[in-house]
Amino acid sequence: MKPVELTLTTVRNNNGEWISAVPIPGTFVCNIGDMLKILTNGLYESTLHRVINNSQRYRVCVAYFHETNFDAAIEPMDMCVQRSGGTKKFKAAVYGEHLVSKVLTNFVM
């Protein structure tokens, strides 16, 4: 029996269109967050994404979040600044302040 392939995750591209993150056998989909974007000076992009199951099959999606200390100051790493043209593209951000801002602007309360 051939396994049924489901495309569950969609990401918003630079044109504002939602496109499918087509699964590649034997791989994981990793969504990069804002702090990794800052750390890498934009070498890795933080993606707006969503998970939608449009199939008739029951599907479980498990999210895992790895977070730094609430009061950690996050800024571009020197190595990444050099690899991305030599100029810091982002100012330092305090993780907890950024997280609270995201929660207050992304969720209906």
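None of the values given here were measured: they were computed from a predicted structure.

Colleague: Sorry, what's going on with the overall build of the protein chain here?
Modeller: What the protein chain contains, in helices and strands, is three helices and five strands. Written out in order from the N terminus, the α and β elements of the protein chain read β-β-α-β-β-α-β-α. Taking 13 Å as the expected radius of gyration for a compact globule of 109 residues, we find that the protein chain reaches 17 Å, considerably beyond that expectation. Viewed in the frame of its principal axes, the protein chain has a C-alpha envelope of about 50 × 35 × 25 Å.

Colleague: Explain the sheet that holds strand β3 (residues 49-51) to me, please; I cannot follow it from the model alone.
Modeller: By definition, the strands of a sheet pair up through backbone hydrogen bonds, in either a parallel or an antiparallel sense. The sheet built from three strands is open, its strands ordered β2-β1-β3 with antiparallel pairing. Lying at the two open borders of the sheet, with one neighbouring strand each, are β2 (18-20) and β3. Recorded for the sheet is a direction-independent mean angle of 30° between the axes of neighbouring strands. Where strand β1 (residues 9-12) meets β3, three bridges bridge the pair, whose relative direction is antiparallel. What sits directly across from V11, in β3, is H49.

Colleague: Help me understand the nonpolar core in this model?
Modeller: Taken as a class, soluble globular proteins show a tendency for nonpolar side chains to be buried jointly. Counting six residues, the largest nonpolar core consists of M35, I38, A72, I74, A93 and Y95. In this structure A72 touches A93, V94 and Y95, once residues within four positions along its chain are discounted.

Colleague: What's the story with the UniProt feature "domain: Isopenicillin N synthase-like Fe(2+) 2OG dioxygenase" (unreviewed entry) in the protein chain in this structure? I'm lost.
Modeller: As recorded in UniProt, the sites labelled "domain: Isopenicillin N synthase-like Fe(2+) 2OG dioxygenase" (unreviewed entry) are residues 11-67. For residues 11-67, the end-to-end C-alpha separation is 21 Å, with 11% helix and 14% strand making up the annotated structure.

Colleague: How should I be thinking about unusual backbone geometry in this particular structure?
Modeller: You will see that N41, though not glycine, has its phi angle at about 55°, which is positive. By the element assignment, N41 lies in the loop between α1 (34-39) and β3. Accessibility expressed as a relative area gives 0% for N41, which makes it buried.

Colleague: How should the packing of aromatic side chains be read in this particular structure?
Modeller: To describe a pair of aromatic rings, you give the distance between the ring centres and the angle between the ring planes. Summed over all chains, the structure comprises zero aromatic pairs. The ring of W18 is capped by R50, whose NZ or CZ atom sits 4.0 Å from the centre of that ring.

Definitions and limits used
Residues numbered from 1 in each chain as written. Predicted model: local features only at pLDDT ≥ 70, side-chain atom pairs only at ≥ 80, totals over all residues. Heavy atoms only, no water. Helix = DSSP H or I, 4+ residues; strand = E, 2+ residues; numbered from the N terminus. Rg over C-alpha atoms; globule rule 2.2 N^0.38 Å. Pairing = 2+ DSSP bridges. Axes fitted to C-alpha atoms, helices over the stretch in contact; angles between N-to-C directions. Core = buried A, V, L, I, M, F, W, Y, C linked by side-chain atoms within 4.5 Å. Buried < 20%, exposed > 50% of the residue type's maximum accessible area, 1.4 Å probe, protein only. Contact = heavy atoms within 4.5 Å. UniProt positions renumbered as here; feature names shortened; annotations may be inferred. Phe/Tyr/Trp six-rings, centres within 6.5 Å; stacked < 30°, edge-to-face > 60°. Lys NZ or Arg CZ within 6 Å of the ring centre and 35° of its normal.

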